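Secondary and tertiary structure notes
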Amino acid sequence: MSAATRSLSRERPSGRKALLATAMLLVAVASAFPLAWMVLSSLKTSAETMQVPPVWIPHTPTLEAYGKVAGVINLGRSMWNSLVIATVTTAGILVTSMMAGYAFAKYSFPGRSLLFALLIATMFLPPIVTLIPLYRMVGSMGLSASLAGIIVPNLANAFGIFLMRQFIAGVPDDLIDAARMDGASELLILFKIVAPSVAPAIAALALFAFVYHWNSYLWPLTVLQGNADAYPIVISLSRLLSYNRGAINTGLVMAGATLAVLPPLVLFVFLQRFFVDSIVGSAIKG
């Protein structure tokens, strides 16, 4: 091999890496731009939000819009409602998904394959299809216009069961059998032996569930029936939109949206490592 050929072969991988890094940087910038624009807009003065062409970075950053948010909506109550809904629902999904996933992965019973196939089929149903049946069920249970009415129908999740089943299936049967021989109960095996083995999957599911139910809009709006005291932050933000009468209040809307984004963002920062581990682990198993 000539020196020119060896030089070309060394340059090709480095060129590919540079191209890949550039593409990843462009995707990252495009993904982060809306979030950055939202935060920067919340720090602008009213005059800066109305300027044309737009001001990218505020010349005189101010927190005035954040102070006004609490005057338009009940910010503390709305954040608390969202936290209760997302936290309790996520906890319920984790428990039911682990138990059902463990049963599907490690137990043999008649109709297991058919039942699992039906479970997977429900994942393809649009949420709007189940809206009216769930609403009637919640009404018959006397849970309308309450946080419980939002939480109870979502305590089990087909995707969560599927995800946990796939990861729990990789836990060695010998480890579970050894625990049974030592007299451990099935719940003890599940939460003390199996759960630590699939911790990345649990963290990923927790992140998905929390973010989804924190941002849920249609179902809470349907169940609460105008009970403003139980509104989560996502619904309360709609009052900021109606309050916005032009660009002069754009900073107010952006400030409210920034506050609503913070809890899921903080959770992602804490669970990021486990989330990445779950993706890598599923890729290796695949």
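In this report, the structure presented in the accompanying data block is examined.

Thoughts on the overall build of the protein chain
Across its full length, the protein chain carries 14 helices and 0 strands. Ordered by position from N to C terminus, the α and β elements of the protein chain give α-α-α-α-α-α-α-α-α-α-α-α-α-α. By the burial criterion, 34% of the 286 residues in the protein chain qualify as buried. Restricting to contacts in the protein chain with at least 6 residues of sequence separation, those with at least 24 account for 74%. By element, 70% of the accessible surface of the protein chain is carried by carbon and sulfur atoms, the whole surface being about 16,600 Å².

Quick word on the pattern of salt bridges
Evaluation of the coordinates by the stated rule reveals 4 salt bridges. A salt bridge links K68 to E64; the shortest N-O distance between them is 3.5 Å. Taken together, the residues span about one helical turn, with K68 and E64 both in helix α3 (residues 64–72) at a distance of 4 residues. Residue classification places E64 among the partly exposed positions, given a relative accessible area of 47%. Here E186 ties to R180 by a salt bridge, and the two come within 3.0 Å at their closest N and O atoms. Through salt bridges with shared partners, a single network forms among D177, R180 and E186.

Some points on the environment of A36
Residue position: A36 is located in helix α1 (residues 3–42). Judged by its relative accessible area of 36%, A36 is partly exposed. On a C-alpha basis, the gap between A36 and T258 in space is 9.8 Å, while along the polypeptide they are 222 residues apart.

Basis of the calculations
Residues numbered from 1 in each chain as written. Predicted model: local features only at pLDDT ≥ 70, side-chain atom pairs only at ≥ 80, totals over all residues. Heavy atoms only, no water. Helix = DSSP H or I, 4+ residues; strand = E, 2+ residues; numbered from the N terminus. Buried < 20%, exposed > 50% of the residue type's maximum accessible area, 1.4 Å probe, protein only. Contact = heavy atoms within 4.5 Å. Areas by Shrake-Rupley, 256 points an atom, 1.4 Å probe, with all protein chains shown as cover. Salt bridge = Lys/Arg side-chain N within 4 Å of Asp/Glu carboxyl O.

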